[in-house]
Amino acid sequence: MANFRRFRPDDLNKLSKCNLDPLTETYELGFYLQYHAKWPALFQVAEDQHGNIIGYIMGKLESSPDVYQFSEHYLPWHAHITAVTVAPEARRLGIGKLLSEQLETAADANNAWFIDLFVRSTNHKAIAFYKSMGYSVYRVVKDYYGDHSSDPTQSSEDAYDMRKPLKRDVKKEHVRDDGEKHEVDPSDVW
């Protein structure tokens, strides 16, 4: 049984169980605190009965700067999942899904058009997980990751920009069915 709550700064020393996964991005301490300060409702943790952090999600609300409003890459008001991870011993229990649903609820409450996230194109388990929750690939960001998770001979790895429409996007204007065919450079992503 997991308890879900907002992240607190003293949780920083408890994230290592989750961050040991090679597919989980680990950030500088200040980055976590910035999310806590700016988007506290979008930074949630799951803890076990002993108070160990066994999962967390970090999200934010944003849009592209107005100067890019007429660019094909402009992003309207939306939520972004920066990180979601679950400790290996707590996987397949629905924790990642519950964390994601909490963020979706907060994003809907803030009138966001959609939720997006980036995932390594080789992370097939995560891609299947997101697709099962209604996400689809919107575009491929070429060479987004500066390292490759499974092939040391490669210097970079593509990312899928995956999206899920929210209540505001009734006409599904901000998702597409053929996202794997739409490639962009990292400089096109804000």
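Residues numbered from 1 in each chain as written. Predicted model: local features only at pLDDT ≥ 70, side-chain atom pairs only at ≥ 80, totals over all residues. Heavy atoms only, no water.

(A) Region of the structure containing the pairing of strand β7 (residues 157–165). Buried residues dominate β7, accounting for nine of its nine residues. In β7, alternate side chains face the same way, and those of Glu157, Ala159, Asp161, Arg163 and Pro165 on one face and Asp158, Tyr160, Met162 and Lys164 on the other are all buried. Sheet analysis places strand β5 (residues 114–120) next to β7, joined by seven bridges and oriented antiparallel. Within β7, the residue paired with Phe114 across the bridge is Pro165. Inspection of the sheet shows strand β6 (residues 136–145) paired to β7 by six bridges, in the antiparallel sense. (Buried < 20%, exposed > 50% of the residue type's maximum accessible area, 1.4 Å probe, protein only. Helix = DSSP H or I, 4+ residues; strand = E, 2+ residues; numbered from the N terminus. Pairing = 2+ DSSP bridges.)

(B) Region of the structure containing the sheet that holds β6. Taken in spatial order, the eight strands line up as β1-β2-β3-β4-β5-β7-β6-β8 in an open sheet, and their pairing is mixed. The two strands at the open ends of the sheet, each matched to only one other strand, are β1 (3–6) and β8 (183–184). For strand β2 (residues 43–47) and strand β3 (residues 53–62), the ladder comprises five bridges, and the chain directions are antiparallel. The residue of β3 that forms the bridge with Gln44 is Ile57. Helix-sheet contacts for helix α2 (residues 29–38) involve β2, β3 and β4 (78–86), and the interaxial angle to β3 is about 65°. Where helix α4 (residues 124–132) meets the sheet, it contacts β4, β5, β6 and β7, and its direction lies at approximately 165° from that of β5. (Contact = heavy atoms within 4.5 Å. Axes fitted to C-alpha atoms, helices over the stretch in contact; angles between N-to-C directions.)

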